[in-house]
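# A closer look at the structure
Here are the chains, one letter per residue:
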Amino acid sequence: LSSQSGTALGGGATKIGRRTLGGEECLIGISGLGRIAQLVIYGSDSGAYGSDLKPPTTSSSEIEAMMPWLVSDLCKMIRSLLEAELNQSGPPKAGTPPPTGQLILGIRSQLYVIQSNLEIVPLEDRFGAIGPGFAFATGVLFGSEGKNEDPHDRLEKALQAAEKYNSSVRGKFKYLTL
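Source: prediction; values computed, not measured.

### Side note on the confidence of the model for the protein
Per-residue pLDDT for the protein averages 77, and the proportion of residues at 70 or more is 76%. The element-level mean pLDDT for the protein is lowest in strand E1 (residues 7-10), coming to 50, with helix H3 (residues 134-143) highest at 92. pLDDT under 50 marks residues 2-7. Its contacts with residues more than four places away, or in other chains, come to 21 contacts. In the model, residues 44-48 has pLDDT below 50 throughout and makes three contacts with residues more than four positions away in sequence or in other chains.

### A few points about the environment of Leu21
If you trace the backbone, Leu21 turns up in strand E2 (residues 14-21). Taking relative accessible area as the criterion, Leu21 reaches 0% and is therefore assigned buried. A sequence separation of 33 residues divides Leu21 from Lys54, and the C-alpha atoms of the two residues are 6.7 Å apart.

### Here we look at the packing of H3 against helix H4 (residues 151-165)
At a minimum axis distance of 8 Å, the contact between H3 and H4 shows a crossing angle of 145 degrees. Between H3 and H4 lies a crossing whose hand is right-handed. Along its contact with H3, which presents Phe136, Ala137, Val140 and Leu141, the element H4 presents Arg154, Leu155, Lys157, Ala158, Ala161, Ala162 and Tyr165. Of the residues that constitute the contact of H3 with H4, the class distribution is nine nonpolar, no polar and two charged.

### Comments concerning the nonpolar core
Ile28, Val40, Leu70, Leu74, Ile78, Leu103 and Leu105 are the most contacted members of the largest nonpolar core, which totals 22 residues. Looking at this core, the elements with two or more residues in it are strand E3 (24-32), helix H1 (35-42), helix H2 (62-89), strand E4 (101-107) and strand E5 (110-115). A total of eight residues in this core trace back to one element, the largest contributor, which is H2.

Here is what the cut-offs are and how they apply
Residues numbered from 1 in each chain as written. Predicted model: local features only at pLDDT ≥ 70, side-chain atom pairs only at ≥ 80, totals over all residues. Heavy atoms only, no water. pLDDT = per-residue confidence, 0-100. Helix = DSSP H or I, 4+ residues; strand = E, 2+ residues; numbered from the N terminus. Contact = heavy atoms within 4.5 Å. Buried < 20%, exposed > 50% of the residue type's maximum accessible area, 1.4 Å probe, protein only. Axes fitted to C-alpha atoms, helices over the stretch in contact; angles between N-to-C directions. Left-handed = near helix turned anticlockwise from the far one by under 90°. Nonpolar A, V, L, I, M, F, W, Y, C, P; charged D, E, K, R; others polar. Core = buried A, V, L, I, M, F, W, Y, C linked by side-chain atoms within 4.5 Å.

Shown next as structure tokens:
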């Protein structure tokens, strides 16, 4: 996901999608979490989740304004999705590990990573990646930063590196622009 160009990328186990949260369009990428990923990106079967989330108006620091909203409202939505899914599928079998994964959110030209324990990390760079090939993709994005390269080409090279050096990453890749 690259916030500089407003372009998202996905591949391998990472799912990406566009979502409107409280009238604010954003891009979401999710690695792992299976059905939860679908629910977060596309909403519940009834479409109720996320419809009443209202991101804050901006302040002097976008991250300072967004973090309380992300920590409370957005994480509450994700937690309710997890609980609803667990209630539908019944209690986990003994020895079943909790779901793991990461979510990357691009909103208002800022990137945030949300860990499976719902810890939120705002990314300082104008690019980021998640999933099994994130280290390779991030390295390519870092190396190409500031070189006046087409954003789509940068993303494609990042995904090619992730695919070449991590056997869990495989195309066909999907690109979205915000």
